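Each chain, letter by letter, is given below.
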Amino acid sequence: QVQLVESGGGLVQPGGSLRLSCAASGSISSMYIMGWYHQGLGKQRELVATITSGGGTNYLDYVKGRFTISRDNAKNTVDLQMNRLKPEDTAVYYCNARLLRLRTDELIYNYWGQGTQVTVSS
């Protein structure tokens, strides 16, 4: 099993920045797709950003140009740099690790962190 622990959340003013970090208790294979999701109050959990083993990234349109996802397989970490934060970014942010079956795209493993609160407010 893999355990993911997020850190770096907190209260920040609009326009500010935060860097979220996710550390795995066990080793994360380079084959895993790593990602960040968020869930605002009363809303569904939503993809924010993902990064593949090859370094390909995918972002929620709303955060493009503001957020950057990165991974370090040697350190078993994935980070999310969040800049120019908006009140609408307020949510619990979750780290995710997924392993998909080739061709069928069937989910084999899906791990979630406990979440870290990000609050953007004046």
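A brief structural summary. In this text the structure is predicted, and so the values were computed from the model without any measurement.

Basis of the calculations
Residues numbered from 1 in each chain as written. Predicted model: local features only at pLDDT ≥ 70, side-chain atom pairs only at ≥ 80, totals over all residues. Heavy atoms only, no water. Disulfide = S-S within 2.5 Å. Helix = DSSP H or I, 4+ residues; strand = E, 2+ residues; numbered from the N terminus. Buried < 20%, exposed > 50% of the residue type's maximum accessible area, 1.4 Å probe, protein only. Salt bridge = Lys/Arg side-chain N within 4 Å of Asp/Glu carboxyl O. Phe/Tyr/Trp six-rings, centres within 6.5 Å; stacked < 30°, edge-to-face > 60°. Core = buried A, V, L, I, M, F, W, Y, C linked by side-chain atoms within 4.5 Å. Contact = heavy atoms within 4.5 Å. Pairing = 2+ DSSP bridges. Axes fitted to C-alpha atoms, helices over the stretch in contact; angles between N-to-C directions.

**What about the state of the cysteines?**
Working definition of a disulfide: a covalent bond connecting the sulfur atoms of two cysteines.
Then, in step 1: The tally for this structure, following the rule as stated, stands at one disulfide.
Then, in step 2: Disulfide pairing is shown between Cys-22 and Cys-95; the S-S distance is 2.1 Å. Its S-S torsion of approximately -85 degrees makes the covalent link between Cys-22 and Cys-95 left-handed. One end of the pair, Cys-22, is in strand E3 (residues 18-24); the other, Cys-95, is in strand E9 (residues 91-100), and 73 residues separate them in sequence.
Then, in step 3: Residue Cys-22 is classed as buried on the basis of its relative accessible area of 2%.
Then, in step 4: Take Cys-95: its relative accessible area is 0%, and that puts it in the buried class.

**A word on the pattern of salt bridges**
If the charged atoms of two oppositely charged side chains come close together, the side chains can form a pair.
Then, in step 1: Applying the stated criterion to the full structure yields four salt bridges.
Then, in step 2: We note a salt bridge from Asp-61 to Lys-64, for which the minimum N-O separation is 3.0 Å.
Then, in step 3: Accessibility expressed as a relative area gives 61% for Asp-61, which makes it exposed.
Then, in step 4: Arg-66 is paired through a salt bridge with Asp-89; the nearest N and O atoms lie 2.7 Å apart. Taken together, the residues span a long stretch of sequence, with Arg-66 in the loop between strand E6 (57-59) and strand E7 (67-72) and Asp-89 in the loop between strand E8 (77-82) and E9 at a distance of 23 residues.
Then, in step 5: For Arg-66, a relative accessible area of 6% translates into the label buried.

**Quick word on the packing of aromatic side chains**
Then, in step 1: Under the defined criterion, the tally for this structure stands at four aromatic pairs.
Then, in step 2: With a centroid separation of 6.2 Å and 40 degrees between ring planes, the pair formed by Tyr-32 and Tyr-111 is classed as tilted. In this pair, Tyr-32 is assigned in the loop between E3 and strand E4 (33-39) and Tyr-111 in strand E10 (residues 107-112), connecting sequence segments 79 residues apart.
Then, in step 3: Taking 6.5 Å as the distance between ring centres and 90 degrees as the angle between the ring planes, the aromatic pair formed by Tyr-94 and Trp-112 counts as edge-to-face. Placement of the pair is Tyr-94 in strand E9 and Trp-112 in strand E10, with a sequence separation of 18 residues.
Then, in step 4: In this structure Trp-112 comes out as partly exposed when scored by relative accessible area, which is 31%.
Then, in step 5: Through pairs of rings, three or more aromatic residues link up here, namely Tyr-32, Tyr-109 and Tyr-111.

**Section: the nonpolar core**
A general tendency of soluble globular proteins is for nonpolar side chains to be buried together.
Then, in step 1: The biggest cluster of nonpolar side chains holds 30 residues, and the ones touching the most others in it are Trp-36, Leu-80, Met-82 and Tyr-93.
Then, in step 2: The set of elements that each furnish at least two residues to this core consists of E3, E4, strand E5 (46-51), E7, E8, E9 and strand E11 (116-120).
Then, in step 3: It is E9 that provides the largest number of residues to this core, a total of five residues.
Then, in step 4: Apart from residues no more than four positions distant in its own chain, Met-82 is found in contact with Gly-16, Ser-17, Leu-18, Leu-20, Arg-66, Phe-67, Tyr-93 and Val-118.

**Some words on the sheet that holds E8**
Then, in step 1: The sheet built from four strands is open, its strands ordered E1-E3-E8-E7 with antiparallel pairing. Only two strands of the sheet have a single neighbouring strand rather than two, namely strand E1 (4-7) and E7. With strand direction ignored, the average angle separating the axes of adjacent strands in the sheet is 15 degrees.
Then, in step 2: Here E3 pairs with E8 via six bridges, running antiparallel.

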